[in-house]
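Results of the structural survey
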Amino acid sequence: MNSSADLSKNLKSLIQNFKIVLDQASSLQELEDARVDFLGRKGRLASIMSCLPELSKDDRPALGRLANEVKDALNDLYSEKTRFLEEQKQQLSMASFDPTFPGRAPDVGSLHPVTKVINDICAIFIRLGFDVVTGPEVETDFYNFEALNLPPGHPARDMQDTLYISENVVLRTHTSPLQVRTMLKRKPPVAAIAPGKVYRRDSDLTHTPMFHQIEGFLVDTDVNMADLRGTLTAFAHEIFDPGVKVRFRPSFFPFTEPSAEVDISCVMCNGSGKAKDGSTCRICKETGWVEILGCGMIDPEVFAKVDYDPERYTGFAFGLGVERVAMLKYGIGDLRMFFENDLRFLKQFA
Ligand code: DAH
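All values derive from a computational prediction rather than experimental measurement.

**Observations regarding the sheet that holds strand β4 (residues 169–171)**
- One open sheet holds the 3 strands; their spatial order is β2-β4-β3, and the pairing between them is antiparallel. Each end of this open sheet is capped by a strand with a single partner; those strands are β2 (138–140) and β3 (164–166). The mean inter-strand angle of the sheet, taken between neighbouring strand axes irrespective of direction, is 35 degrees.
- Both β2 and β4 contribute to a ladder of 3 bridges, which runs antiparallel. Looking across to β4, one finds that E139 is bridged to V170.

**Some words on the domain arrangement of the protein**
- Each domain of the protein was delimited in the assignment, giving domain 1 (4–95) and domain 2 (113–349).
- The C-alpha centroid of domain 2 is placed 85 Å from the C-alpha centroid of domain 1.

**Topic: the side chain of E215**
- Relative to the helices and strands, E215 resides in strand β6 (residues 210–220).
- Buried within the structure, E215 lacks any salt-bridge partner; its nearest side chain of opposite charge belongs to R200, at an N-O separation of 8.3 Å.
- A polar side-chain atom of E215 sits 2.9 Å from a polar atom in the side chain of S176.
- Separated by 2.7 Å, the side chains of E215 and Q179 make a polar contact.
- In this structure E215 touches T175, S176, Q179, A192, I193, A194, F318 and G319, once residues within four positions along its chain are discounted.

**Regarding the sheet that holds strand β10 (residues 314–321)**
- Read across the open sheet, the 7 strands follow the order β1-β5-β6-β10-β9-β8-β7; overall the sheet is mixed. Sheet topology places β1 (131–132) and β7 (246–253) at the edges, where each strand pairs with a single neighbour.
- Note: β6 against β10, 8 bridges, orientation antiparallel. Note that in β10 the partner of Q213 across the bridge is G321.
- Along the sheet, helix α7 (residues 177–185) makes contact with β5 (190–199), β6, β9 (289–298) and β10, crossing β6 at roughly 40 degrees.

**Here's the deal with the packing of helix α2 (residues 28–39) against helix α4 (residues 60–95)**
- Running from N to C, α2 and α4 cross one another at 175 degrees; their axes reach a closest spacing of 10 Å. What the angle tells us is that α2 and α4 run roughly antiparallel. The residues of α4 that touch α2, namely those facing L28, L31, E32, R35, F38 and L39, are K71, L74, N75, Y78, K81, T82, L85, E86 and K89.
- For the contact of α2 with α4, the class distribution of residues is 7 nonpolar, 2 polar and 6 charged.

**Quick notes on helix α1 (residues 4–24)**
- Helix length check: α1 (21 residues) gives 31 Å between terminal C-alpha atoms against 30 Å at 1.5 Å per residue, within 8%.
- Turning to α1, its buried residues are L7, S8, L11, L14, F18 and L22.
- Here the buried face of α1 lies against α2, α3 (44–49) and α4.

Rules and cut-offs
- Sequence order as written defines the numbering, with residues in each chain counted from 1.
- Totals for whole chains, interfaces and linings use all residues, but because this is a predicted model, local features are given only for residues with pLDDT of at least 70 and pairs of side-chain atoms are given and counted only at 80 or more.
- The side-chain figures draw on all heavy atoms in the structure; neither hydrogens nor water molecules are used.
- Strands are labelled as partners when DSSP assigns at least two bridges between them.
- Runs of E in the DSSP output that reach at least two residues are strands. Runs of H or I that reach at least four are helices, and both are numbered from the N terminus.
- Here, axes are lines fitted to C-alpha atoms. For helices the fit covers the stretch in contact, and angles between N-to-C directions go from 0 to 180 degrees.
- As annotated, the domain borders come from an automatic or database domain assignment.
- Here's how the labels work: a residue is buried when its accessible area is under 20% of the maximum for its type, exposed when over 50%, partly exposed in between, all with a 1.4 Å probe on protein chains only.
- When charges are counted, Lys and Arg are positive and Asp and Glu negative, with His and the chain ends excluded.
- One speaks of a salt bridge when a side-chain nitrogen belonging to Lys or Arg is within 4 Å of a carboxyl oxygen belonging to Asp or Glu.
- Think of a polar contact as two N or O atoms within 3.5 Å of one another; within protein, one of them needs to be a possible hydrogen donor and the other a possible acceptor, and neighboring residues in sequence only count if both atoms come from side chains.
- Between two residues, a contact is recorded if the distance between any of their heavy atoms is within 4.5 Å.
- Each angle gets one of four labels, with under 35 degrees taken as roughly parallel, over 145 as roughly antiparallel, 65 to 115 as roughly perpendicular, and the rest as oblique.
- Throughout, the ten residues Ala, Val, Leu, Ile, Met, Phe, Trp, Tyr, Cys and Pro are labelled nonpolar, Asp, Glu, Lys and Arg are labelled charged, and all others, Gly among them, are labelled polar.
- Helix span is expected to be 1.5 Å times the residue number reduced by one.

Take a look at the structure:
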């Protein structure tokens with residue numbers, strides 16, 4: 001049998017003992033063990049409380065009050081120690097931070113090779129005094145065809161397999177509409193380039209339904225074929241290599257007269273037509289030349305559509321495929337690489 005005095009003594013000694021145990025607890029786990037031992041459902045406090053019914057009715061209330069006070073005191077001690085250990089844990093984790101440990105490098109993105117080439121080409125022409133203009137990818141028949149001297153039923157429309165939105169609205173098949181849009185807005189002298197996406201109904205190893213072009217044109221008094229030659233030769237030397245040879249081959253486009261295609265000496269075999277091992281160069285097919293763009297003197301029919309006086313003004317225009325230039329510049333053999341977004345490929349341009 002426990003007397004009231006015994007139980008009260010035991011209760012009070014709980015506080016002292018709990019302090020001793022807490023002093024020794026050095027981890028949150030040890031602290032938890034101590035809490036269970038003293039304050040748990042089968043712990044020391046509970047076991048003393050279970051003796052209360054043994055007391056006389058008169059002694060019980062006082063002892064009950066004491067038990068509650070002790071319980072509060074134990075809980076306070078427990079909270080205080082918890083706070084202390086948590087702070088310590090945080091400080092320890094900071095102390096174990098090794099500032100000499102090499103960091104994890106963040107993944108840094110890079111420009112897509114097509115974007116890079118567009119930027120490079122634009123930079124060259126900006127230096128030559130050209131403005132950069134842009135226009136809609138969804139284009140009307142008028143800008144994409146008619147104003148460029150491709151009237152309805154013109155056989156040259158068959159040159160391009162077009163994606164039609166409706167009878168009179170197309171996904172632009174080239175950037176040439178920007179000639180018309182810009183000339184309608186400005187009076188000569190005007191020199192501009194227009195980079196952007198174009199769309200054709202074409203998809204195989206060497207064609208994708210979407211690709212990029214850059215259109216360029218210049219209109220002023222006394223512009224002639226020599227200006228065109230000089231400008232495009234300077235451009236080819238800048239974008240590829242000052243050593244490349246440039247040649248102009250007669251060609252046909254409805255919006256230029258005369259028209260030409262421009263070839264450069266093959267960048268893979270240096271114009272020899274032979275690969276290093278003596279086999280046929282696969283890029284130029286042994287010819288030593290690769291085509292890079294189409295160009296010509298702007299047809300007076302186009303000037304008529306934009307109200308430029310063909311007696312007063314002349315101009316040249318050109319259009320080039322960005323992916324094609326990028327493939328030649330970086331020696332990329334497969335067009336599809338540009339659109340697969342394989343990081344192993346893209347990272348090489350970082
Ligand atoms: N628009 C032509 C095409 O997509 C390229 C072109 C050729 C543009 C000659 C021109 C040019 O401005 O003069 O095939």
